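Fold and geometry: a report
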Amino acid sequence: QVHLVESGGGLVQAGGSLRLSCAPSGRTFNTYAMGWFRQAPGKEREFVAVINWSGGSTYYADSVKGRFTISGDNAKNTVDLQMNSLKPEDTDVYYCAAHDQSSAWYFSPRTYNYWGQGTQVTVSS
């Protein structure tokens, strides 16, 4: 069984920064891409960013472009999310995710077959 484990969430003031990290536990596995989603209570899970190991391309939600940076290590299946200039509307539970086949639907949670348990990010105004 493969699990992803997030770390680095917490409470920060608006304008501040946080860095989230994600690493696998359990058996080794191969991934095509790893990314981050976020979800507020009662809302759908929302795409944040993804990194494709093939070519290293990255994609971001419009709401975080220029503020968040995704990076990772394909060999270790680890991924980080550097979040700068945080806003109160970034407050959510952030989930690490991975999928093991090529897909154009990188922004859809249904594409991902591995998930973490989530880490809370709270941005105070």
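Structure shown above.
1. Points about the pattern of salt bridges
Using the criterion set out here, one finds six salt bridges in the structure. Among the salt bridges present, the one from D62 reaches K65, with a minimum N-O distance of 3.2 Å. Here D62 falls in the exposed class, since its relative accessible area comes to 66%. Three or more residues are tied together by salt bridges with common partners; here these are R38, E46, R67, D90 and D92.

2. Quick look at the side chain of T119
Tracing the backbone shows T119 in strand β11 (residues 119-124). Judged by relative accessible area, T119 falls into the buried class, the value being 11%. At a separation of 3.4 Å, a polar atom in the side chain of T119 contacts the main-chain amide nitrogen of G9. The contact partners of T119, leaving out residues within four places of it in the chain, are E6, G9, L20, D92, V93 and Y94.

3. Some words on the nonpolar core
Counting 33 residues, the largest nonpolar core has W36, L81, M83 and Y94 as the members making the most contacts within it. For this core, the secondary structure elements donating two or more residues are β1 (2-7), β3 (18-26), β4 (33-39), β5 (46-52), β7 (68-73), β8 (78-83), β9 (92-99) and β11. At five residues, the largest contribution of residues to this core is made by β5. In this view, L81 contacts L18, R19, L20, W36, V48, A49, F68, T69, I70 and Y94; residues no more than four positions away in its chain are not counted.

4. As for the environment of A49
With respect to the helices, strands and loops of the structure, A49 is situated in strand β5. Remark: the alpha-carbon pair of A49 and Y106, spanning 57 residues in sequence, is separated by 8.9 Å. Residue contacts for A49: discarding those within four places in its chain leaves G35, W36, Y59, Y60, I70 and L81.

5. Focus: the environment of G118
Mapping G118 onto the fold places it in the loop between β10 (114-115) and β11. Overall, G118 belongs to the buried group, its relative accessible area being 16%. Separated by 22 residues in the primary sequence, G118 and C96 place their C-alpha atoms 7.0 Å from one another. Each residue touching G118, except ones within four places of it in the same chain, is listed here: E6, V93, Y94 and Y95.

Rules of the game
- Numbers given for residues are sequential positions, taken from 1 along each chain in its written order.
- Residues qualify for local features only when their pLDDT is at least 70, as the model is predicted, and side-chain atom pairs are given and counted only at 80 or more; totals for whole chains, interfaces and linings, by contrast, use all residues.
- Heavy atoms throughout the structure, all of them, feed into the side-chain values; hydrogens and water do not.
- Only one rule defines a salt bridge in this text: a Lys or Arg side-chain nitrogen within 4 Å of an Asp or Glu carboxyl oxygen.
- To sort residues, take the accessible area from a 1.4 Å probe on protein chains only and compare it with the maximum for the residue type: under 20% means buried, over 50% means exposed, and anything in between is partly exposed.
- The helix and strand labels rest on DSSP assignments: H or I over at least four residues marks a helix, E over at least two residues marks a strand, and numbering proceeds from the N terminus.
- Within 3.5 Å is the distance limit for a polar contact, defined as a pair of N or O atoms, with the added protein rule that one can donate a hydrogen and the other accept it, and that residues adjacent in sequence qualify only through two side-chain atoms.
- Here a residue-residue contact requires only that any non-hydrogen atoms of the pair lie within 4.5 Å.
- For this analysis, a nonpolar core means a set of buried residues of the types Ala, Val, Leu, Ile, Met, Phe, Trp, Tyr and Cys, connected via side-chain atoms within 4.5 Å.

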